[in-house]
Amino acid sequence: MALLNIFKNNSSKHNVLATGHVISESSRCVQCGICSYNCPIGIDVRAHVWRDEAVKHSECLTCGECVARCPRGVLRFAQTDLFVRSKE
Amino acid sequence: MRYVIIGAGVAGISAVEAIRSVDSDGEIIMVSDDPYGYYSRPGLAYYLTGELEDKALFPRTKEHYQKLNFNFLKARVTRILRSDHAVLVDGKSKLVYNKLLIAVGARAMPLGVAGANLEGVVKLDHLADAKHILKLAKRGKTLLARGMKVNYLLRGDRYWSNVLDKHESHVVEERLTEEGVVLHHKAELKEVIGKKGHVVGAMLVDGRTLKCDMLAYAVGISPCMELMEETNLAKDRGLLVNEHLQTTDLDIYAAGDVAQVYDPLSGKSALDSLWSPAHEQGRVAGWNMAGRKAAYLKSAPFNVTRLAGLTTTIIGTVGRGKDEDLIGIARGDSETWRELPEAIIAQSGFDVNHMRLMVGEKTLVGAILMGDQTLSWPLQKMIAGKADISSIREQIMATDAPLADLVAQFWMTWRTEEAL
Ligand SMILES: Cc1cc2nc3c(=O)[nH]c(=O)nc-3n(C[C@H](O)[C@H](O)[C@H](O)COP(=O)(O)OP(=O)(O)OC[C@H]3O[C@@H](n4cnc5c(N)ncnc54)[C@H](O)[C@@H]3O)c2cc1C
């Protein structure tokens, strides 16, 4: 289905590990801190979201723990060339 | 220049940051009476479920605060003395301001029945409330071990009836029931029954009595307006402000849950009790206080919440009328959700993956998504951006339309065009 194809690129973890990072939609965030609390290497993900910045942290493993745990769908993976790919 | 900010909630903190981004020298003094300072209020729910420890609720470190270079006074403002350009702190000392921000938030409406002051009658406004609830729950551990029973009293005939439709209410209620919650519809509390100062039961108007060890109430909230009583500032249900977040006294600003903000687009002043508007209003107020002119433009109200464990997004306008269970507006609620213009309802999905769209003449005016959230991001953008959906409107309205696919396809084209 179209829906599946379109959104697969947004959430497929494997593609992202190589080229992507975690981005956020800060208007959805209520700063609860579940993301930072569950980050295995202690990145303050919540602070990135507050500043409306992507989590471009040299130590980020893109393990997806924050993306999966956020109760409000604030976080997702993004690839730099996401848009081009999804058009192909 | 001295800025005084009353309230250490999200509106207050974001105002401090905004002031500092414009004015690096001015003196900033924040006065707040919550002993825990700034923390995530919505996060309290996750603290109660055990998904978070209390220390994780604090978004800021000491270093953050030091960088912002402001003074924090743990105290209560008891009066605003407009003619002195000052506030009275703890009933005794005067604190003079050049610019004042009132960001005192809202609080739970009182229960208003006999016995409401008994120990074990609880609400959830502050971290202190959450800690109190957990303490009481621990004391009742023997009860928990036996399976603590939860009775849920609703005054109306279904859950959140002015925002959710019948089907959505039903989905939530069914899940609550599965979790062991006993729902009582059209049940109105008459009196809380106590023994030795502690709650032991709830008596209903229809004469029934339910035994309990704790009674939690959430019957709506109202802006904290007591400071405004002798000030002559224009007010309605909240403190009225223009789009620059200024009250009728141009040196006094208000932001967050206490502010009833003028919306130049609709010509109305509305209350929100949502984190994100409070954040944005604090920022705009801060800029204006420090001399950078900016206007707050209300975007489509939006909330993501968990209803009976089901992630639910509510965007724009989705319901109509008054919810009998609430006085005022509910937590994480916005009045816009109930002001339904001419709109037609299109629906799809089943049980826990559910989507409802409110279709206006040319645009989508609201949406509810329960369960699968894939489309909530696109829908938020389309509704806030007033995307012209004329090209798919007919298809959306068709019986059994594949709503999700239509929206997804539309969004892909629309965001390409928007990006250009
Ligand atoms: C349990 C719960 C769940 C919520 N869930 C959601 C949600 O899912 N989504 C959402 O968007 N929003 C939610 N909210 C609402 C959200 O938290 C509020 O909209 C937001 O916190 C408002 O921020 P504020 O800065 O205006 O006020 P507040 O955060 O209430 O801060 C006001 C501050 O002012 C202080 N104060 C008050 N009077 C005085 C005085 N006279 N002197 C000194 N200090 C004073 C208070 O102590 C407090 O520190 C929830 C709230 C609660 C309590």
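Scroll up for the structure.
Below is a short write-up of the structure. Model, not experiment: these values are computed from the prediction.

1. With respect to the overall build of chain A
Link 1 in the chain: If you tally the helices and strands in chain A, you get six helices and two strands.
Link 2 in the chain: Reading chain A from its N terminus to its C terminus gives the helix and strand order α-α-β-α-α-α-β-α.
Link 3 in the chain: With 88 residues in all, chain A has 49% of them scored as buried.
Link 4 in the chain: Look at the contacts in chain A between residues 6 or more apart in sequence, and 65% of them connect residues 24 or more apart.
Link 5 in the chain: Looking at chain A as shown, the accessible area adds up to about 4,500 Å², and 53% of this sits on carbon and sulfur atoms.

2. A closer look at the overall build of chain B
Link 1 in the chain: Helices and strands together make up the secondary structure of chain B, namely 10 helices and 25 strands.
Link 2 in the chain: In terms of overall dimensions, chain B has C-alpha extents of about 70 × 65 × 40 Å along its principal axes.
Link 3 in the chain: The buried share of chain B, taken over its 420 residues, is 53%.
Link 4 in the chain: Surface exposure of chain B reaches about 19,700 Å², of which carbon and sulfur atoms provide 52%.
Link 5 in the chain: Within chain B, the 53 negative side-chain charges are centred at a point lying 6 Å from the centre of the 51 positive side-chain charges.

3. Thoughts on the site of the ligand
Link 1 in the chain: Neighbouring the ligand are 31 residues, the closest being B:Asp33, B:Arg41, B:Val77, B:Asp257 and B:Trp275.
Link 2 in the chain: Lying at an intersection of chains, the ligand is approached by residues of chains A and B.
Link 3 in the chain: Measuring from an oxygen atom of the ligand, one finds a backbone N or O atom of B:Ala11 at 3.0 Å.
Link 4 in the chain: In the complex, the protein chains occlude 94% of the 1,000 Å² of accessible area that the ligand would expose alone.
Link 5 in the chain: Broken down by secondary-structure element, the contributors of at least two residues to the shell around the ligand are helix H1 (10–22), strand E2 (27–32) and helix H7 (275–289) of chain B.

4. A short note on the sheet that holds strand E3 (residues 71–74) of chain B
All names here are of chain B.
Link 1 in the chain: In spatial order, the strands read E3-E2-E1-E7-E18; together these five strands make up an open sheet with parallel pairing. Across the chains shown, the open sheet's two edge strands, defined by having one partner strand only, are E3 and strand E18 (252–254). Pairwise comparison of adjacent strand axes, ignoring direction, gives a mean angle of 20° for this sheet.
Link 2 in the chain: Relative to E3, E2 runs parallel, the two being bridged by four bridges. In the strand pairing of E3, Ile29 is matched with Asn71.
Link 3 in the chain: In the packing of H1 onto the sheet, the strands contacted are strand E1 (2–6), E2 and strand E7 (99–102), and the crossing angle to E2 comes to about 175°.
Link 4 in the chain: Its contacts with the sheet place H7 against E1, E7 and E18, and it is angled at close to 170° to E7.

5. Description of the pairing of strand E20 (residues 268–271) of chain B
All names here are of chain B.
Link 1 in the chain: For strand E19 (residues 259–263) and E20, the ladder comprises four bridges, and the chain directions are antiparallel. Looking across to E20, one finds that Tyr262 is bridged to Ser269.
Link 2 in the chain: Linking E19 back to E20 in an antiparallel pair, the connection comprises four residues, with Gly267 at a positive phi of about 75°.

6. Comments concerning the nonpolar core
Residue and element names in this part refer to chain B.
Link 1 in the chain: The biggest cluster of nonpolar side chains holds 64 residues, and the ones touching the most others in it are Val87, Leu100, Leu101 and Ile102.
Link 2 in the chain: If near-sequence neighbours (up to four positions away) are discounted, Leu101 is found in contact with Val4, Ile5, Ile6, Ala11, Gly12, Ala15, Tyr253, Ala254, Ala255, Ala285 and Met289.
Link 3 in the chain: Counting residues in hydrophobic clusters, the runner-up holds 26 residues, among them Val304, Leu364, Met382 and Ala408.

7. Regarding the interface of chain A and chain B
Link 1 in the chain: Contact with chain A, which involves 26 residues of that partner, is made by 41 residues of chain B.
Link 2 in the chain: Buried area between chain A and chain B, summed over both chains or domains, comes out near 3,000 Å², and the portion from carbon and sulfur atoms is 59%.
Link 3 in the chain: Counting every contact that joins chain A to chain B gives one salt bridge.
Link 4 in the chain: B:Lys381 is the partner of A:Glu25 in a salt bridge, and the nearest nitrogen-oxygen pair spans 2.9 Å.
Link 5 in the chain: On the surface where chain A and chain B come into contact, there are 12 residue pairs in polar contact (both at pLDDT 80 or more).
Link 6 in the chain: Looking at the side of chain A that touches chain B, the elements with two or more residues in it are helix H1 (2–11), helix H3 (34–38), helix H4 (45–50) and helix H6 (82–87) of chain A.
Link 7 in the chain: With four residues, H1(A) is the largest single contributor of residues to the side of chain A that touches chain B.

8. Topic: the packing of H1(B) against H7(B)
Residues and elements named next belong to chain B.
Link 1 in the chain: Running from N to C, H1 and H7 cross one another at 35°; their axes reach a closest spacing of 7 Å. The handedness of the crossing between H1 and H7 comes out as right-handed. Mapping the contact onto sequence places Val10, Ala11, Ser14, Ala15, Ala18, Ile19, Ser21 and Val22 in H1 and Trp275, Ala278, His279, Gly282, Arg283, Gly286, Trp287 and Met289 in H7.
Link 2 in the chain: Residue composition of the contact of H1 with H7, grouped by class: 10 nonpolar, five polar and one charged.

Rules of the game
- Residues numbered from 1 in each chain as written.
- Chains lettered and ligands numbered in written order.
- Predicted model: local features only at pLDDT ≥ 70, side-chain atom pairs only at ≥ 80, totals over all residues.
- Heavy atoms only, no water.
- Helix = DSSP H or I, 4+ residues; strand = E, 2+ residues; numbered from the N terminus.
- Buried < 20%, exposed > 50% of the residue type's maximum accessible area, 1.4 Å probe, protein only.
- Contact = heavy atoms within 4.5 Å.
- Areas by Shrake-Rupley, 256 points an atom, 1.4 Å probe, with all protein chains shown as cover.
- Lys, Arg positive; Asp, Glu negative; His and termini not counted.
- Charge placed at Lys NZ, Arg CZ, Asp CG, Glu CD.
- Near = heavy atom within 4 Å.
- Polar contact = N/O pair within 3.5 Å; in protein donor to acceptor, adjacent residues only side chain to side chain.
- Pairing = 2+ DSSP bridges.
- Axes fitted to C-alpha atoms, helices over the stretch in contact; angles between N-to-C directions.
- Core = buried A, V, L, I, M, F, W, Y, C linked by side-chain atoms within 4.5 Å.
- Buried area = accessible area lost by both parts, 1.4 Å probe.
- Salt bridge = Lys/Arg side-chain N within 4 Å of Asp/Glu carboxyl O.
- Left-handed = near helix turned anticlockwise from the far one by under 90°.
- Nonpolar A, V, L, I, M, F, W, Y, C, P; charged D, E, K, R; others polar.

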